[in-house]
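# A closer look at the structure
This is what each chain is made of:
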Amino acid sequence: MAINFENHLPRPVDNFPPTLWARYCFHAFSIDNQVAEAYAKEIEILKEQTRATLLHTIDDVAEKLRFINLLERLGIAYHFEKEIDDQLRHIYTHPVHLNDLETVALQFRLMRKHGYNISTDIFSNFLDGNGKFRDTSDVKGLLSLYEASYVRTRSDDEVLEGVTAFAATRLRSAAPLLEPNSTLEKVVTHALDQPLHTGMPRIETRFFISVYQEEDDSSRNYDLLHFAKLDFNLLQMLHKQELSQVSRWWKDLDFVTKLPYARDRAVECYFWALGVYFEPQYSKARVMLAKSISMVSVVDDTYDAYGTIEELEVYTDVIQRWDINEINRLPNYMKISYKALLDLFDKDDKELSKEGRSYVVQYARERMKELVRCYFIEAKWFTNEGNRPAFAEYLRNAFVTSTYYLLATISCYGLKSADEKVFDWLMKNPKILEAGVTICRLIDDMATFDGEKDRGQLTTGIECYMNECGASLEKAMEKFQELTGLALKDLNEGLLKPTPVSSEILLRIFNLTCIIFVAYQHNQDGYTCPEKVLKPHIIALFVDPVPL
């Protein structure tokens, strides 16, 4: 029998900002096939020209590294994954001596990004007698070193510890002296705000196309630039079509009317999925992931911003049972999200069964059950101010409620290389996943601290740490930043060969993590309040095509 909780005590209702996208009609988009076909035809020609240049035209190692970097910065490297990996492997196994800081640092960053554990010894020519980097006025070299510093692991600390601050300090001093509005000035300013390594690929591509097109003719590769613009716009059409599909699904659920306490963030959820993989072969995976993130957001808000403890106890138990026949135990408003949750997983199950992969959904179900159990623990902490957990206990639970164990699992739905062994590996929370989850939780806690405090939530990560260590807010924030830096080093280490699973899997975990650096930039909660943080990115990726 259903228990009527609807007229219970006053609820901890949050007044989240409404969606920013009501007037954009994302749900109504359809691809212009004629334009898409014309773009695709031209791209094929440019693709073959570029492949020939990469494989047969460039012999000089420094020039080859710069060409590969240009392909990556322009967002077209995904067309040449095997060719690029072959080239980098050859350079790694047949090392040559490079002289300038810009190219050496570029080599280090590219090699590490692609899993090749190149030694920090390549920097030896740039160090003084104390093993520290010598001062230099080479802005391009400093920029390349700054970007390379973000791919380091803990074992690189002897050479690279402190190098990010060293390069950043000198770049900040040099930036005002650069030619105003020059490409270099814009790239330096952008990098200091958002390092390339922890950026979101599509955002970084859009930015770089805009500055690269302003280069003078002698230093700009027009064919590659044109290729990149066409490719960006063609992919944008596909992404808008997927966003349209997700938006229609969300509109049909009508949670905005039925569950007005929940954040209306379907567009932001699709943006999140795009951060995990933008390439065309992951189209179905993106749609599945975006819908899952949207659903998890509603469940999160049910625990965090509306449900009473009595209701949430039943909700948690019903989700553990995962049986539609249990629905009548729930109050009416919870029936809506519970049915939608089961329907979504069932639909994914049916979709993936066409490929013989429906078993993967069971792993996500177990993650979902784990998530709500931990949400309920949090909810009890939030309502019992005298029962603040130890920091380590808080973190164990909060790693799960970051949602990243679940989302990493769902991110692998659409990957053909993700078999049962991969999902078994994921369920053991390997080090690279732990690193990503740690980053997500720590950055989220820093960004949402003020908002949660305003809502009266005292059992936050920052509060637990301050309480246990007798630390000030400033010291707690510094500690969280320090732990985030260590986790990034572990995340980088997880990409290095030999790896237990394919790089395709590892990059999903890595990319999923990087979205946190973007969405919560400068300690702002860009998901809950997307106006300042995410709105410009979403307009650049889904509204405005690149001018041809």
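Here the structure is shown first, and the text comes after it.
The residue count restarts for each chain, going from 1 along the sequence in the order it is written. Confidence filtering applies because this is a predicted model: local features only for residues at pLDDT of at least 70, side-chain atom pairs given and counted only at 80 or more, and all residues used for totals across whole chains, interfaces and linings. Neither water nor hydrogens contribute to the side-chain values; these are computed over all heavy atoms in the structure.

## Overview of the nonpolar core
Convention followed: Put simply, buried Ala, Val, Leu, Ile, Met, Phe, Trp, Tyr and Cys residues joined by side-chain atoms within 4.5 Å make one nonpolar core. Only protein chains enter the area calculation, which uses a 1.4 Å probe; residues under 20% of their type maximum are buried, those over 50% are exposed, and those in between are partly exposed. Numbering of helices and strands starts at the N terminus; helices are DSSP runs of H or I of at least 4 residues and strands are runs of E of at least 2. Residues count as neighbours in contact if any of their non-hydrogen atoms are within 4.5 Å of one another.
Counting residues in each nonpolar core, the largest one holds 199 residues, and the members touching the most others are F123, F133, W272 and M368. A total of 14 residues in this core trace back to one element, the largest contributor, which is helix α10 (residues 222–253). Excluding its chain neighbours within four sequence positions, the residues that come into contact with M368 are V296, V299, W322, L341, F345 and L406.

## Regarding the packing of aromatic side chains
This is how the line gets drawn: Pairing of aromatic side chains requires ring centres within 6.5 Å, counting the rings of Phe and Tyr and the six-membered ring of Trp. Pairs whose planes differ by under 30 degrees are stacked, by over 60 edge-to-face, and all others tilted. We call a charge positioned above a ring when the Lys NZ or Arg CZ atom is no farther than 6 Å from the ring centre and deviates by at most 35 degrees from the ring normal.
For the structure on display, the rule yields 28 aromatic pairs. Ring centres of F391 and F480 lie 5.8 Å apart, and the angle between their planes is 45 degrees; this geometry places the pair in the tilted category. Residue F391 is found in helix α17 (residues 391–401), and its partner F480 is found in helix α22 (residues 473–493); the two are separated by 89 residues along the sequence. For the residue pair F391 and F480, the accessibility class agrees, reading buried in each case. Aromatic rings pair up to connect F108, F123, F133 and F166 into one cluster. For the cation-ring pair, R508 lies above Y282, with the distance from its terminal atom to the ring centre recorded as 5.1 Å.

## Quick notes on the environment of E326
Counting through the fold element by element, E326 comes out in the loop between α14 (309–321) and α15 (332–353). Exposure remark for E326: the relative accessible area of 18% places this residue in the buried category. Distance from E326 to L20, taken between C-alpha atoms, is 36 Å for residues 306 residues apart in sequence. Among residues more than four places away in sequence, those in contact with E326 are V318, R321 and Y338.

## Observations regarding the state of the cysteines
Here is the rule we go by: Here, two cysteine sulfur atoms that lie within 2.5 Å of each other are counted as a disulfide.
The full count for this structure, using the stated rule, is zero disulfides. Sulfur of C25: no disulfide; nearest cysteine sulfur belongs to C269 and is 19 Å away. Given a relative accessible area of 41%, C25 falls into the partly exposed group.

## Quick word on the layout of surface pockets
This is how the line gets drawn: Put plainly, a pocket is an open set of points on a 1 Å grid over the protein atoms alone with protein on both sides within 12 Å along at least five of seven lines, a cavity is a set where a 1.4 Å probe fits but cannot get out, and a lining residue has an atom within 4 Å of a point. Grid points are joined across faces, edges and corners, and a volume is the space filled by probe spheres set on the points.
Roughly 1,100 Å³ of internal volume is contained in the largest pocket. Together, 40 residues line the largest pocket, and E72, E81, K113, H114 and L507 are the ones closest to its centre. Counting residues per element, the ones that place at least two in the lining of the largest pocket are α2 (61–73), α3 (81–93), α4 (101–113), α9 (201–212) and α23 (503–519). The greatest single-element share of the lining of the largest pocket, amounting to eight residues, is contributed by α23.

## A closer look at the packing of helix α18 (residues 404–411) against α23
Quick note on the threshold: Note on method: axes are straight lines fitted to C-alpha atoms, helices fitted across the in-contact stretch only, with angles between N-to-C directions ranging 0 to 180 degrees. Angular relationships are summarised with four words: roughly parallel below 35 degrees, roughly antiparallel beyond 145, roughly perpendicular across 65 to 115, and oblique for the angles in between. Crossings are sorted by hand: turned counterclockwise from the far helix by less than a right angle, the near helix makes the crossing left-handed, and turned clockwise it makes it right-handed.
Their axes nearest at 10 Å, the elements α18 and α23 cross at an angle of 135 degrees. Relative to α23, the element α18 lies oblique. Where α18 crosses over α23, the handedness of that crossing is right-handed. In contact with Y404, L407, A408 and S411 of α18, α23 contributes R508, L512, T513, I515 and I516.

## What to know about the environment of I462
Tracing the sequence through the fold places I462 in helix α21 (residues 461–469). Distance from I462 to S472, taken between C-alpha atoms, is 9.7 Å for residues ten residues apart in sequence. Once residues lying within four places of it in the same chain are set aside, the contact partners of I462 are D445, M446, F449, L473, A476, M477 and F480.

## Remarks on the side chain of D445
Put simply, the rule is: Side-chain atoms alone can form a polar contact between residues adjacent in sequence; in general such a contact is a pair of N or O atoms within 3.5 Å, and within protein one must be able to donate a hydrogen while the other accepts it.
Here D445 is to be found in helix α20 (residues 431–454). Classification of D445 by relative accessible area gives buried; the value is 3%. A distance of 2.7 Å separates polar atoms of two side chains, one belonging to D445 and the other to R441. If near-sequence neighbours (up to four positions away) are discounted, D445 is found in contact with Y394, G461, I462 and F480.

## A closer look at α10
Inclusion rule: To estimate how far a helix should reach, multiply one less than its number of residues by 1.5 Å.
In this model, α10 (32 residues) spans 46 Å end to end at C-alpha, consistent with the 46 Å of a helix rising 1.5 Å per residue. The element α10 is largely enclosed, with a buried count of 24 among its 32 residues. For α10, the side-chain oxygen to backbone nitrogen distance between the N-cap and D223 is 3.2 Å, and the N-cap itself is N221. Directly after α10, the chain includes D254, whose backbone phi takes a positive value near 55 degrees.

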